[in-house]
Amino acid sequence: MPTVQLSVMPFNLACWEEGASCDDCLEVLRENQTMIFSVADSSVMAGIAVIFSFLGFAFNLITITALLFYRSVRQQITTPFILSVSSAHLLYSTIILPLLATRFYTRQSESAAWTGLCKVFPVLFYLVLGASILSLMSVTINRTC
């Protein structure tokens, strides 16, 4: 039976242990400078995140406004579900995408403006993502039944 050798990981595993602070994560990032994307790729992704953020904000705001202010649309049974989806996507466009754009542009997981970002960002990300998925699932169930 052939033996499998594990490759040496390019980062310190202490950063992922329970009780690790954000400073530990930053020191690991600065020591190794191991990034998934190049500087050019990170800049392009930051630009795309900014564009999607503006478009998502505008289109979801238009959708919410249309659903709330037109009586014929408000009377549809799926309106609350579509409002829920649009609200979740509006939160994603206004909170998560700008933070991702900042992370891509600076190539750091920690923002200079907010030092607790590495602890709060995953909670916000998965909370908004979960709300979006559950809203889409409720629309699907409502339309099939």
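Refer to the structure presented above.
Residues numbered from 1 in each chain as written. Predicted model: local features only at pLDDT ≥ 70, side-chain atom pairs only at ≥ 80, totals over all residues. Heavy atoms only, no water.

Before going further, it helps to spend a moment on the nonpolar core. Residues Ala49, Ile96, Leu97, Leu99, Leu100, Ala101, Leu117, Phe121, Phe125 and Val128 constitute the largest nonpolar core, which totals 10 residues. When contributions to this core are tallied by element, the ones reaching two or more residues are α4 (79-106) and α5 (117-144). In terms of residue count, the dominant contributor to this core is α4 (five residues). Leave out the neighbours within four places in its chain, and leucine 97 touches Ala49, Phe52, Ser53 and Tyr92. (Core = buried A, V, L, I, M, F, W, Y, C linked by side-chain atoms within 4.5 Å. Buried < 20%, exposed > 50% of the residue type's maximum accessible area, 1.4 Å probe, protein only. Helix = DSSP H or I, 4+ residues; strand = E, 2+ residues; numbered from the N terminus. Contact = heavy atoms within 4.5 Å.)

Right, let's talk about the packing of helix α2 (residues 39-69) against α4 for a bit. Packing of α2 against α4 leaves a shortest axis separation of 8 Å and a crossing angle of 160 degrees. Taken as axis vectors, α2 and α4 run roughly antiparallel relative to one another. As for the relative orientation of α2 and α4, their crossing is left-handed in sense. Class assignment for the residues of the contact of α2 with α4 results in 18 nonpolar, 11 polar and no charged. (Axes fitted to C-alpha atoms, helices over the stretch in contact; angles between N-to-C directions. Parallel < 35°, antiparallel > 145°, perpendicular 65-115°, else oblique. Left-handed = near helix turned anticlockwise from the far one by under 90°. Nonpolar A, V, L, I, M, F, W, Y, C, P; charged D, E, K, R; others polar.)

The next thing to look at is the packing of aromatic side chains. Counted under the stated rule, the structure contains three aromatic pairs. Ring-pair connections join several aromatic residues into one group, and the members of that group are Tyr92, Phe121, Phe125 and Tyr126. (Phe/Tyr/Trp six-rings, centres within 6.5 Å; stacked < 30°, edge-to-face > 60°.)

All right, on to the side chain of serine 53 then. Tracing the backbone shows serine 53 in helix α2. Using a relative accessible area of 11% as the deciding quantity, one classes serine 53 as buried. If near-sequence neighbours (up to four positions away) are discounted, serine 53 is found in contact with Ser93, Leu97 and Pro98.

As a further point, take the side chain of serine 42. As for its position among the elements, serine 42 is in helix α2. We classify serine 42 as buried; its relative accessible area is 4%. For serine 42, the contacting residues outside a window of four places in its chain are Phe37, Phe104, Tyr105 and Arg107.

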